[in-house]
Amino acid sequence: MIEKHLVLDNVDLVTFYGVNNSNLQMIKSLHPKLRIIARGNIMKVMGDEEEMCSFEECVDKMQQHCAKYNSLDEEAIICITKGESTKNEDGDSDVIVYSVSGKSVTPRSQNQTALVEAFQENDMVFAIGPAGSGKTYVSIALAVRALKNKEIRKIILSRPAVEAGEKLGFLPGDMKEKIDPYLQPLYDALQDMIPAQKLQEYMEQNVIQIAPLAFMRGRTLNDAVVILDEAQNTTTQQIKMFLTRMGQGSKMIITGDLTQIDLPHSVKSGLREATEVLKNIKGISIIHMSEKDIVRHKLVTRIVNAYSKYDRHRESAVQERTEPDTAHVSVSLSDR
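Here, residues in each chain are numbered from 1, in the same order as that chain's written sequence. Local features in a predicted model are, by the rule used here, given only for residues with pLDDT of at least 70; side-chain atom pairs are given and counted only at 80 or more, and totals for whole chains, interfaces and linings are based on all residues. Side-chain calculation: all heavy atoms of the structure are included, whereas hydrogens and water are not.

Visitor: Looking at this structure, I do not really get the packing of helix 2 (residues 22–30) against helix 4 (residues 74–82). What am I missing?
Guide: In a packed pair of helices, the relevant descriptors are the angle between the two axes and the axis-to-axis distance. Axes, fitted as lines to C-alpha atoms, cover a helix only where it is in contact. Angles between the N-to-C directions of the axes lie from 0 to 180 degrees. We count a stretch as a helix when DSSP gives it H or I for four or more residues in a row; a strand needs E for two or more, and each element gets its number in order from the N terminus. Here helix 2 crosses helix 4 at 30°, and the two axes come no closer than 10 Å. When the axes of helix 2 and helix 4 are compared, the pair comes out roughly parallel. Crossing angle aside, the handedness with which helix 2 passes helix 4 is right-handed. Where helix 2 abuts helix 4, its residues Ser22, Asn23, Met26, Ile27 and Leu30 lie against Glu74, Ile77, Ile78 and Thr81. A per-class count over the contact of helix 2 with helix 4 returns five nonpolar, three polar and one charged. For classification purposes, angles smaller than 35 degrees are called roughly parallel, those larger than 145 roughly antiparallel, those between 65 and 115 roughly perpendicular, and all remaining angles oblique. Here a crossing is taken to be left-handed if its near helix is turned anticlockwise relative to the far helix by less than a right angle, and right-handed if that turn runs clockwise. Residue contacts follow a heavy-atom distance rule, with two residues in contact if any of their heavy atoms lie within 4.5 Å. Under the grouping applied here, Gly and all other residues not named as nonpolar or charged are polar, the nonpolar ones being Ala, Val, Leu, Ile, Met, Phe, Trp, Tyr, Cys and Pro and the charged ones Asp, Glu, Lys and Arg.

See below:
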């Protein structure tokens, strides 16, 4: 008889063991020749060496299943133990990740698919489009997938702390409490894709870091997926500083909506300028999303379309008022 300690290092323990340890009891019942004791993320296993090897392989596959699908039920445990494919493995070629509820996160438009492909082929991707086009959500899903596949060691998410047309004044609390309201959309997306206990563990260990843009200066970001959200609210100096933080083995995704710039009118958006300066650089891809990519409530599409139409009409009216009177100019010249 031998004894081994198996470490569960890539799964949410609540999901893996099941409600009231139901999954653990199923695992024990399927391996009656082994004595299995679970303490936290350590499984102490005693028994025959041949049985032990088979069990170790099963646990490894269960961990992979649990990490990928954010779920592990009795049916999956039985299939894995018998060496059969689980039902989740059929037809998931387009899936980026699975949410905590078990639903698949997939590209839902042509440009979202283009964003996924651009991320695979390039180290830096700009995703520019209207509200609700999925640019932030898909980007975070890509980062979570890379982390689960151990392609990177950490995820770093950032946003400029710019108020959206409001003067909030003094915010109470410590530094984290002051900046959290600006970063809440990033927390929301992460909570959709990573179980709460595992997400907390990742953040405590700095595997997932969320910070305002101002905290990026001086850092070199290696072996990470780095996402800058709401980049339309960066200045030229800020976005240049951010882009030059890129280290070895890292990828960057920069998202923004150029129709929702909250900077003072006298300040040029760094995102607008960056896409012009970097548009022909090898290794950088720029994806432009449109109203067709909006996946929120149907009214969001109508609102974006209405504002786009209004802005075009207003720009046309301004242009007409500022155009010189060419006929008057020609007469004046002939008189001279």
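Next comes the rest of the write-up.
Visitor: Where do I start with the packing of aromatic side chains in this structure?
Guide: Remark: the centre distance and the inter-plane angle together describe each pair of aromatic rings, the angle taken between the planes. Between rings of Phe, Tyr and Trp, where Trp is taken as its six-membered ring, a pair exists when centres lie within 6.5 Å; planes separated by under 30 degrees are stacked, by over 60 edge-to-face, and by other angles tilted. Enumeration over the complete set of coordinates arrives at two aromatic pairs. Between the aromatic rings of phenylalanine 16 and tyrosine 17, the centroid separation amounts to 5.7 Å while the plane-to-plane angle is 75°, which identifies the pairing as edge-to-face. Across the pair, tyrosine 17 and phenylalanine 16 agree in class, each one buried. Cation over ring: lysine 251 sits above phenylalanine 119, and NZ or CZ is 4.7 Å from the ring centre. Throughout this description, buried means an accessible area under 20% of the type-specific maximum (1.4 Å probe, protein chains only), exposed means over 50%, and partly exposed covers the range between. Placement of a positive charge over a ring is assigned whenever Lys NZ or Arg CZ falls within 6 Å of the ring centre and within 35 degrees of the normal to the ring plane.

Visitor: When you look at the side chain of aspartate 12 in this model, what are you seeing that I'm missing?
Guide: Assignment of secondary structure puts aspartate 12 in the loop between strand 1 (2–7) and helix 1 (13–17). We treat Lys and Arg as the positive residues and Asp and Glu as the negative residues; His and chain ends play no part in the count. Salt bridge, as used here: a side-chain nitrogen of Lys or Arg that lies within 4 Å of a carboxyl oxygen of Asp or Glu. No salt bridge is formed by the buried aspartate 12; the nearest opposite charge belongs to lysine 198, separated by 7.4 Å. In the analysis that follows, any N or O atom pair within 3.5 Å is treated as a polar contact, provided that within protein one partner can donate a hydrogen and the other can accept it, and provided that, for residues neighboring in sequence, both atoms belong to side chains. Polar side-chain contacts of aspartate 12 include one of 2.8 Å to the side chain of threonine 15. Leave out the neighbours within four places in its chain, and aspartate 12 touches Cys66, Pro195, Gln197 and Lys198.

Visitor: Help me out: how do you make sense of the sheet that holds strand 11 (residues 284–288) in this one?
Guide: The strands that make up a sheet pair up through hydrogen bonds in the backbone, lying either parallel or antiparallel. If you walk across this open sheet you meet the six strands as 8-7-9-10-6-11, and the pairing is parallel. Edge positions in the sheet fall to strand 8 (208–212) and strand 11, since each of these pairs with one other strand and no more. Within the sheet, the average angular offset between the axes of one strand and its neighbour, ignoring direction, is 15°. Summarising the sheet, strand 9 (residues 224–228) and strand 10 (residues 251–256) pair through four bridges and their orientation is parallel. Looking at strand 10, one finds that isoleucine 227 is bridged to isoleucine 253. Lying over the sheet, helix 5 (residues 110–121) contacts strand 6 (124–128), strand 9, strand 10 and strand 11, oriented at roughly 175° with respect to strand 11. Each of strand 6, strand 9 and strand 10 touches helix 9 (residues 236–243); the most contacted strand, strand 10, lies at about 155° to it. Any two strands with at least two DSSP-identified bridges between them are counted as paired.

Visitor: Would you mind going over the sheet that holds strand 3 (residues 42–47) with me for this structure?
Guide: Judged by pairing direction, the sheet is antiparallel, and its three strands sit side by side in the order 1-3-2 without closing on themselves. Of all the strands in the sheet, just strand 1 and strand 2 (35–39) have a single pairing partner and so form its edges. Direction aside, neighbouring strands of the sheet carry axes that sit 15° apart on average. Of the strand pairs in this sheet, strand 2 and strand 3 are connected by five bridges, and their pairing is antiparallel. Paired with arginine 39 across the strands is isoleucine 42, a residue of strand 3. The strands touched by helix 3 (residues 49–69) are strand 1, strand 2 and strand 3; relative to strand 1, the strand with the most contacts, the crossing angle is about 5°.

Visitor: Looking at this structure, I do not really get the nonpolar core. What am I missing?
Guide: Most often, soluble globular proteins have nonpolar side chains that are buried together. Of all hydrophobic cores here, the largest spans 37 residues; its most connected members are Ile140, Leu190 and Ile208. At the level of elements, helix 5, strand 6, helix 6 (135–148), strand 7 (154–159), helix 7 (175–193), helix 8 (196–204), strand 8 and strand 9 are the ones that each hand at least two residues to this core. The greatest single-element share of this core, amounting to eight residues, is contributed by helix 6. Counting 25 residues, the second-largest nonpolar core is a separate cluster that includes Val11, Phe16, Cys58 and Val59. Each nonpolar core is a collection of buried residues, namely Ala, Val, Leu, Ile, Met, Phe, Trp, Tyr and Cys, held together in the definition by side-chain atoms within 4.5 Å.

Visitor: What is the right way to look at a nonpolar patch on the surface in this model?
Guide: The patches described consist of residues with a relative accessible area above 30% and no salt bridge, like charges being joined within 9 Å and nonpolar side chains (Val, Leu, Ile, Met, Phe, Trp, Tyr) within 5 Å. All accessible-area figures derive from a Shrake-Rupley calculation using a 1.4 Å probe, and residue coverage is judged against the displayed protein chains alone. A cluster of nonpolar residues, Leu299, Ile303, Tyr307 and Tyr310, forms a patch on the protein surface that exposes about 450 Å² of accessible area. Topologically, tyrosine 307 is positioned in helix 11 (residues 298–322).

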